[in-house]
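Single-letter residue listing:
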Amino acid sequence: MEEKTNQSQKILDAAYKCISTKGYANVSLRDIANEAGVVLSQLNYYFGNKEGLFAEVIKMMINKYLHEINEALDIGETARDKMSSLIKFFKEMLNNNPELFRLLYDLTGLAIWSSSFNTLLRNLFNELSNMIEEKILNKSNLKDNLVNYSSKSVARMILGAMFGTAIQVILNSDEGDISDALNAVQIIFE
């Protein structure tokens, strides 16, 4: 049983690497099998098909990502401290692991057309919004012009601003000051 787990994890790791460096559309199952050092039939054995494999990659990415963001949101006492920690996390991810964001954006595009990917990504964004709402917004005083909005709406706005800025950083990696735009999200607490 352990060998089966090791083989499937080896395939998942290879798929993650291939998709995050080449993009979903540019990766074949053969590329993944070669990267994993397995025969092509093993991918079908463990995951059924390309969509099944990629759904497992998304689940792996989501679990890792949610765990890391949760840890970032546990840093600090005040809502402002927690927001600063979240912004720092996003900046570090953009600098040190832009492949994760590329993969996330690639899979978000796929989620528009695939119901199984849609459910996974929708759940990710809902969970992220819930974390922001619970760990930051429910412990803060929002600026006067935001008090008429639900904390859920503000959490979604923060998440959208951060992901929107992140994609601009990825698309304009030579324009370093874009990542500083993430700091502007703090304005809701001033």
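Residues numbered from 1 in each chain as written. Predicted model: local features only at pLDDT ≥ 70, side-chain atom pairs only at ≥ 80, totals over all residues. Heavy atoms only, no water.

The name an unreviewed UniProt entry assigns to the protein is AcrR family transcriptional regulator, from the organism Thermoanaerobacterium butyriciformans.

Draft legend 1. The arrangement of the nonpolar core in detail. Counting residues in hydrophobic clusters, the biggest one holds 63 residues, and the most contacted among them are Ile32, Leu53, Tyr65 and Phe90. Those elements that provide at least two residues to this core are α1 (2–22), α2 (29–36), α3 (40–47), α4 (50–73), α5 (79–96), α6 (98–111), α7 (115–135) and α8 (151–171). In terms of residue count, α4 provides more of this core than any other element does, twelve residues in total. Apart from residues no more than four positions distant in its own chain, leucine 53 is found in contact with Ile11, Leu12, Ala15, Leu29, Ile32, Leu43 and Phe47. (Core = buried A, V, L, I, M, F, W, Y, C linked by side-chain atoms within 4.5 Å. Buried < 20%, exposed > 50% of the residue type's maximum accessible area, 1.4 Å probe, protein only. Helix = DSSP H or I, 4+ residues; strand = E, 2+ residues; numbered from the N terminus. Contact = heavy atoms within 4.5 Å.)

Draft legend 2. Region of interest: the packing of aromatic side chains. Applying the stated criterion to the full structure yields 13 aromatic pairs. Judged by centre distance (6.2 Å) and plane angle (80°), the rings of phenylalanine 89 and phenylalanine 90 are edge-to-face. A single burial state applies to phenylalanine 89 and to phenylalanine 90, both of which are buried. Through a chain of ring-to-ring contacts, the aromatic side chains of Tyr65, Phe89, Phe90, Phe101, Tyr105, Phe125 and Phe163 assemble into a single cluster. The lysine or arginine in question, lysine 50, covers the ring of tyrosine 24, its NZ or CZ lying 4.8 Å from the ring centre. (Phe/Tyr/Trp six-rings, centres within 6.5 Å; stacked < 30°, edge-to-face > 60°. Lys NZ or Arg CZ within 6 Å of the ring centre and 35° of its normal.)

Draft legend 3. View of the packing of α5 against α6. Close contact between α5 and α6 brings their axes to 5 Å; oriented N to C, the two are set at 95°. Compared by their axis directions, α5 and α6 come out roughly perpendicular. Mapping the contact onto sequence places Phe90, Met93, Leu94, Asn95 and Asn96 in α5 and Pro98, Leu100 and Phe101 in α6. When its residues are assigned to classes, the contact of α5 with α6 shows six nonpolar, two polar and no charged. (Axes fitted to C-alpha atoms, helices over the stretch in contact; angles between N-to-C directions. Parallel < 35°, antiparallel > 145°, perpendicular 65-115°, else oblique. Nonpolar A, V, L, I, M, F, W, Y, C, P; charged D, E, K, R; others polar.)

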